[in-house]
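Observations on chain architecture
Chain residues, written in single-letter form:
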Amino acid sequence: VQIYADGAVISDMVKAKESGVVKGFTTNPSLMKKAGVTDYLSFAKEVLAKVTGLPISFEVFSDDFDTMAKEARKISALGENVFVKIPITNTKGESSVPLIKKLSAEGIKLNVTAMFTLEQTKDVLAALKPGSQNILSIFAGRLADTGIDPMPLMKEAAKLCHENGNGWLLWASCREVFNIFQAEECGCDIITCTAPVIAKFPLIGTSPKERSLQTVQDFNKDVKALGFS
Ligand code: E4P
């Protein structure tokens, strides 16, 4: 499974690229808001100038399909490596599949986002232009937040994507390092991880005994400030 970095803090993105572990980037409006982005296009241009060459997804920001189409064309024209994120529906729940079909036919690389079901996966795959490159982002973490195990869905969706050949399956809303191993087991092509998850990568491979000792030492460092007598 390939690791992408999920975020909108440019210094984090540069660091992630330099690490060599990260093979692409995803952003979304909430991450941009959190990072304090106020000018979408100049942010996107700065990111593209600083993290050249790797796939990067930017999301459309309107809610009506005609405006989304215009934004998608503009965003796509920013670079060869740009994937345009289209939410699977608008905020009224109306399907974006006709728009996806139109944009894909125009040769725009898409990242269909906010996906949660196999039915959506089938519909999107059927709408994509044969031979095109796209990403299907299923929000495994948000599904897990509702008490549902995302793994059966991710396994089935990965199978469908690989049979179809026009979409890479991305495990979105990664919550912890262990999700990378789950995504790998499910046959996902990509998992996108936020900076706090990426910061934990050096822990991979630490023995449980060592981790236990580190935990005791961490608590011990903090206990000194508590003034117990
Ligand atoms: C990635 O492309 C998604 O936008 C992101 O992983 C969503 O993460 P969240 O569900 O934690 O907001």
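Here, the structure is the one placed above.
Residues numbered from 1 in each chain as written. Predicted model: local features only at pLDDT ≥ 70, side-chain atom pairs only at ≥ 80, totals over all residues.

Side note on the packing of helix α5 (residues 97-105) against helix α6 (residues 118-127)
It is at 8 Å that the axes of α5 and α6 come closest, and there the two elements cross at 30°. With respect to α6, the axis of α5 lies roughly parallel. Taken as a pair, α5 and α6 cross one another with a handedness that is right-handed. Taking contact as the criterion, the partners of V97, I100, K101 and S104 in α5 are, on α6, D123, V124 and A127. Tallied by class, residues from the contact of α5 with α6 come to four nonpolar, one polar and two charged. (Axes fitted to C-alpha atoms, helices over the stretch in contact; angles between N-to-C directions. Helix = DSSP H or I, 4+ residues; strand = E, 2+ residues; numbered from the N terminus. Parallel < 35°, antiparallel > 145°, perpendicular 65-115°, else oblique. Left-handed = near helix turned anticlockwise from the far one by under 90°. Contact = placed C-beta atoms within 7 Å. Nonpolar A, V, L, I, M, F, W, Y, C, P; charged D, E, K, R; others polar.)

A word on the nonpolar core
Formed by 55 residues in total, the largest nonpolar core has its most connected members in V84, L170, W171, C188 and I191. Residues within four places of V84 in sequence aside, it is in contact with F58, V60, A72, I75, S76, I108, K109, L110 and N111. (Core = buried A, V, L, I, M, F, W, Y, C linked by C-beta atoms within 7 Å. Buried ≥ 20, exposed ≤ 12 C-beta atoms within 10 Å, placed from the backbone.)

Thoughts on the site of the ligand
Surveying the vicinity of the ligand reveals the residues D6, T26, N28, S30, T113, S137, F139, G141, R142, A172, S173 and T192. Per-class residue counts for the shell around the ligand are two nonpolar, eight polar and two charged. (Near = placed C-beta within 6 Å.)

Some details on the packing of α6 against helix α8 (residues 151-164)
Contact geometry for α6 and α8: axes closest at 10 Å, N-to-C directions at 10°. It follows from the interaxial angle that α6 and α8 lie roughly parallel. Touching L118, T121, K122 and L125 of α6 are L153, E156, A157, L160, C161 and N164, all from α8.

Details of the pairing of strand β5 (residues 110-115)
Extensive coverage of β5 is indicated by the burial of five of its six residues. Bridge count between strand β4 (residues 82-87) and β5: four bridges; the pairing is parallel. Paired with V84 across the two strands is L110, which belongs to β5. The parallel pair β4 and β5, bridged by α5, forms a crossover whose chirality is right-handed. Summarising the sheet, β5 and strand β6 (residues 134-138) pair through four bridges and their orientation is parallel. Along β6, the bridge assignment pairs L110 with N134. (Pairing = 2+ DSSP bridges. Right-handed = clockwise from strand over helix to strand, strands pointing away.)

Description of α8
Over its 14 residues, α8 runs 20 Å from end to end, which matches the ideal 20 Å to within 8%, given 1.5 Å per residue. Three or more residues of α8 are buried, namely M154, A157, A158 and C161. The buried residues of α8 occupy an angular sector of 105° when projected down its axis, which confines them to one face. Set apart from the buried face of α8 by more than 90 degrees, the exposed residues are P152 and E163. Considering only its buried residues, α8 is in contact with α6, β6, α7 (140-145), β7 (168-171) and α9 (178-186). Positive backbone phi, at 85°, marks G165, one or two positions downstream of α8. (Expected span 1.5 Å × (residues − 1). Arc of directions from axis to C-beta.)

Points about the environment of T27
By the element assignment, T27 lies in the loop between β2 (22-26) and α2 (29-34). T27 sits in the buried class, given 24 other C-beta atoms within 10 Å. A C-alpha to C-alpha distance of 23 Å links T27 and E106, two positions 79 residues apart in sequence. Residues within four places of T27 in sequence aside, it is in contact with G7, A8, M32, S57, F58 and E59.

Concerning the pairing of strand β8 (residues 190-193)
The two faces of β8 match: I190 and T192 on one face and I191 and C193 on the other face are all buried. As judged from the four bridges shared by strand β1 (residues 2-6) and β8, these two strands associate in the parallel manner. Residue pairing for β8: Q2 is matched across the bridge by I190. Relative to β8, β7 is paired through two bridges, and the arrangement is parallel.

Section: the sheet that holds β1
If you trace the eight strands once around the closed barrel, you get β1-β2-β3-β4-β5-β6-β7-β8, paired in parallel fashion. For this sheet, the mean angle separating the axes of adjacent strands, direction not counted, is 30°. Relative to β5, α5 is tilted by about 165°, and along the sheet it contacts β4, β5 and β6. Of the strands in this sheet, β1, β7 and β8 are in contact with α9, which crosses β8 at around 165°.

Read these as spatial facts, not as claims about activity.
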